[in-house]
Each structure stands twice: as structure tokens, then as C-alpha cells.
Amino acid sequence: MNYIGSKNKLSNFIKSTVYSVVGKDLSDKIFCDIFAGTGIVGRNFKTEVKKVIANDCEYYSYVLNKNYIENHEDIIDKHFFIDNLNNLTSIDGGFIYKNYCVGGGTERQYFSDYNGKKIDTIRQKIEEWKNENKISSNLYFFLLASLLECADKVANTASVYGAYLKHLKKSAQKELVLVPANFELNENKHEVFNTDSNMLISQIEGDILYLDPPYNSRQYGANYHLLNTIARYDDFIPKGKTGMRIYQKSNYCSSAKVAVEFENLIKKAQFQYIFLTYNNEGLMSVKNVQNILQKYGKYDLAEIDYQRFKADKTENRNHKADSTKEYLHFLEKKN
């Protein structure tokens, strides 16, 4: 999934830095990814640690992490259910088709008519199976995560859902085929939350806390609103040209609030090692972050250049550099 701020390309850098600070044997450690997004960092540590705790306030992220992180044992007959969903006859008049496809009567073109109908058909069947107790919770989130991943691949957007394209791009013209959102198997149980990170931090404890908060004014609830809509599949009146839903605004996206919010999180954290990825386009400067972290223990910093996320045409971006500098701050917190 194309994702703003994804740390997929930085996974090796993050892991090697954690090893250098904590050691390579993490088998007795609890690792928390408290701004999990698609869960890529937690996934990379899942088989190495005693437990992963993942959290994100966005529901689509919760669905993805319930599958990729919390699911850790094989699900019997999962491929049978995937095949069943792929073979369904598409229905007319579903929520996605009516509100986010041209054929539904709006000018919105987030999906082709065919794919909008198929998303509705699959999503309704998954919910029906859940309500009739035909599938377990583990299978439910596996199927939902599979749908989110596959719907995103045929979305008619420039990677984010803040707007749709006027004409169906090549990938959006392809017919949606549901494929499994496979997950790593291991013996340990993991835990996933869907709440405000600054509230959760007082209720959990562990060894390694990884932080990847929003770093600028982009609101994830706006940029990925349609993934939340598919995941929740609730009834609401889409607003405006883009069919927006009500979404939670993060204090981490506010230049006036971010420093206080960040320090409150650090202050409450019951973890020995804290790692923060934050780049040079962030609302907090390197010095701001350093000044806060140094209050709470032994601090250091690593950095790397990498290709920045591009979701739109270069001439329309505020930041036109091809690369950005990513900082990995780390803190060994005092007791």
C-alpha cells in the first residue's frame, strides 16, 4: 500500500539502530508501535520479540494491524473464503458504488463502477458472515485487511484519497481480485489497539517504544477517509466534492500543540528504550525534539537520506526535493 510516511524503505535502518542500542537478542522484549499506520515496523519485529503492541487511531490501520500483527496462527480455510468472495455476483446500489463511483450518480470517481460494486458485494458478505457467526474474529480481520489492500490497488487516486482523478488511470481500470493479506506466523500473542496514543501510553508498559507520529499538517483521517469508510462500512452522508467523512484531527498535526503533546507522551511512557523517526520537514525541529528528550534520560541521534513520498505532481508540492532527511532519535529513559 502506498502510504504517507511509510517506513518500509527505512526498516533496515531502524532495525540496525535498535540492535545497536538494545542488542540483537530481543526475544524477551515487548515492542510497541504506538503510531502503527500499516504496521510495517511492528511486522519487522514480530517474530523477534516476545510481544508486539500496535496502535493507531485510524480504523483502517486497526484492521490492518489486527491481521498483520495480532493474527499469528494459521487460519483454517482462509483461502476457501477468499475464493468464495471472488466468485460472488456483484450487487447494485451499495454504499461505495452510490457515493464514490460515477455510475452511482455522483461525479466522484474513486473507483470504476465495476470495482465499486465488487467492493460493496465483498464487504457486505464479510459482515454477513460475521453477524451469522460463520467466521471468527481472526478470519474477519484477515478478510477485511485483504479487501483494503486490494481496493487500494485499484483506487483512482494519486496514492492518497484527498481527491480522485478525473479519468480512470490504468491501474484503476483493472478488475479487483481479492488476494490474501498474508501475515507472519509465530508462537507469541500480540495486541492491537484503536485509540489515542497519548491516552493509551498510560495503560501499557514494555521495553522498546517506537514512535512514528504525523510530522506535518496532513491529517491521515482526511487522506485515507475512504479506507476508513470501507473498513467501517457505516451509514453517513458524505460531505463535499470528495465525499469526506467526519475525522479526528491530531494534535501532532498542529504546530501550536505538537510539542506539548509529544512531551506528555514521553513523560508518561513506561518503556526503557524510546525510538522516534521524524524528518526535516516536520513541525518540530531536530533541536525541539532533542531538548524534550534530553530531559528524560540518555539521548542520541542517527540520520539517513531517503527518497521522499510523492503523491502528486512535483510542481504542486511545497517540498520539491527528491529526498528528505529522516532522523532517528533514541532515548534510554531514566527510571
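Residues numbered from 1 in each chain as written. Predicted model: local features only at pLDDT ≥ 70, side-chain atom pairs only at ≥ 80, totals over all residues. Heavy atoms only, no water.

Digging into the overall build of the chain
A count of helical and extended segments in the chain gives 12 helices and 7 strands. Its C-alpha atoms give the chain a radius of gyration of 20 Å, within 12% of the compact-globule value 20 Å for 335 residues. Expressed along its principal axes, the backbone C-alpha trace of the chain runs to roughly 60 × 50 × 30 Å. A total of 335 residues make up the chain; the buried ones form 55% of that total. The contacts of the chain with a sequence gap of at least 6 include a subset with a gap of at least 24, amounting to 76%. Summed over all atoms, the accessible surface of the chain reaches about 15,600 Å², with 45% contributed by carbon and sulfur. (Helix = DSSP H or I, 4+ residues; strand = E, 2+ residues; numbered from the N terminus. Rg over C-alpha atoms; globule rule 2.2 N^0.38 Å. Buried < 20%, exposed > 50% of the residue type's maximum accessible area, 1.4 Å probe, protein only. Contact = heavy atoms within 4.5 Å. Areas by Shrake-Rupley, 256 points an atom, 1.4 Å probe, with all protein chains shown as cover.)

Focus: the environment of Tyr-60
Structurally, Tyr-60 is set in helix α3 (residues 59-70). Tyr-60 sits in the buried class, given a relative accessible area of 0%. Sequence separation between Tyr-60 and Ala-145 is 85 residues, and the spatial gap between their C-alpha atoms is 8.2 Å.

As for α3
The element α3 is largely enclosed, with a buried count of 12 among its 12 residues. Inspection of α3 places Tyr-59, Tyr-60, Ser-61, Tyr-62, Val-63, Leu-64, Asn-65, Lys-66, Asn-67, Tyr-68, Ile-69 and Glu-70 among the buried residues, and these make up the whole buried set. Its buried side turned inward, α3 meets α2 (40-45), β2 (51-55), α7 (137-153), β3 (191-193), α9 (220-223) and α10 (225-232).

Things to note about unusual backbone geometry
One non-glycine residue with positive phi stands out, namely Ser-159, at about 85 degrees. Structurally, Ser-159 can be placed in the loop between α7 and β3. Of note, the phi angle at Tyr-233 is positive, near 45 degrees, even though the residue is not glycine. Residue placement: Tyr-233 occurs in the loop between α10 and α11 (258-268).

Observations regarding the pattern of salt bridges
Inspection of the entire model under this criterion finds 15 salt bridges. Between Glu-128 and Lys-125 there is a salt bridge, with its nearest N and O atoms 3.1 Å apart. Here the residue Glu-128 and the residue Lys-125 both occupy positions in helix α6 (residues 113-131), the gap between them amounting to 3 residues, near one helical turn. On the basis of relative accessible area, Glu-128 is assigned to the partly exposed category, the value being 32%. (Salt bridge = Lys/Arg side-chain N within 4 Å of Asp/Glu carboxyl O.)

Considering the confidence of the model for the chain
Here the chain shows a mean pLDDT of 93. Residues at 70 or above account for 93%. Low confidence marks residues 310-319, where pLDDT is under 50. Its contacts with residues over four positions away, or in another chain, come to 11 contacts. (pLDDT = per-residue confidence, 0-100.)

A look at the pairing of strand β4 (residues 206-211)
Here β4 lies mainly inside the structure; 6 of its 6 residues are buried. As paired strands, β4 and strand β5 (residues 271-279) are joined by 5 bridges and run parallel to one another. Among the inter-strand pairings, Gly-206 is bridged to a residue of β5, identified as Phe-271. (Pairing = 2+ DSSP bridges.)

Examining the nonpolar core
Among the nonpolar cores identified, the biggest contains 73 residues, and Phe-111, Leu-143 and Phe-275 are the most heavily contacted of them. Ranked by residue count, the leading element in this core is α7, at 11 residues. What Phe-111 contacts, discounting residues up to four positions off in sequence, is Ile-96, Tyr-100, Cys-101, Gly-116, Ile-119, Ala-151, Val-154, Ala-155, Leu-168, Leu-226 and Ile-230. In terms of nonpolar packing, the next biggest core, distinct from the first, is built from 28 residues, Ile-30, Met-284, Leu-293 and Leu-331 among them. (Core = buried A, V, L, I, M, F, W, Y, C linked by side-chain atoms within 4.5 Å.)

Details of helix α4 (residues 78-86)
Those residues of α4 not exposed but buried are Lys-78, Phe-81, Ile-82, Leu-85 and Asn-86. Projected onto a plane normal to the axis of α4, the buried residues spread over an arc of 140 degrees and lie on a single side. (Arc of directions from axis to C-beta.)

Considerations on the packing of aromatic side chains
Per the stated rule, a full pass over the model turns up 17 aromatic pairs. Measuring from ring centre to ring centre gives 5.7 Å for Tyr-100 and Tyr-110, while their planes differ by 65 degrees; the resulting arrangement is edge-to-face. Here Tyr-100, found in helix α5 (residues 95-100), pairs with Tyr-110, found in the loop between α5 and α6; they are 10 residues apart in sequence, far enough to count as distant. On the accessibility criterion, Tyr-100 (0% relative accessible area) is buried. Lying over the aromatic face of Tyr-68, Arg-43 brings its terminal NZ or CZ to 3.7 Å of the ring centre. We note Lys-130 situated over the ring of Tyr-140; from NZ or CZ to the ring centre the distance is 4.6 Å. (Phe/Tyr/Trp six-rings, centres within 6.5 Å; stacked < 30°, edge-to-face > 60°. Lys NZ or Arg CZ within 6 Å of the ring centre and 35° of its normal.)

Quick word on the environment of Glu-263
With respect to the helices and strands, Glu-263 occurs in helix α11. With 217 residues separating them along the chain, Glu-263 and Lys-46 place their C-alpha atoms 27 Å apart. Apart from the residues lying within four places of it in its own chain, the contact partners of Glu-263 are Ile-292, Lys-295 and Tyr-296. A polar side-chain atom of Glu-263 sits 3.1 Å from a polar atom in the side chain of Lys-295. One polar contact links Glu-263 to Tyr-296, side chain to side chain, over a distance of 2.8 Å. (Polar contact = N/O pair within 3.5 Å; in protein donor to acceptor, adjacent residues only side chain to side chain.)

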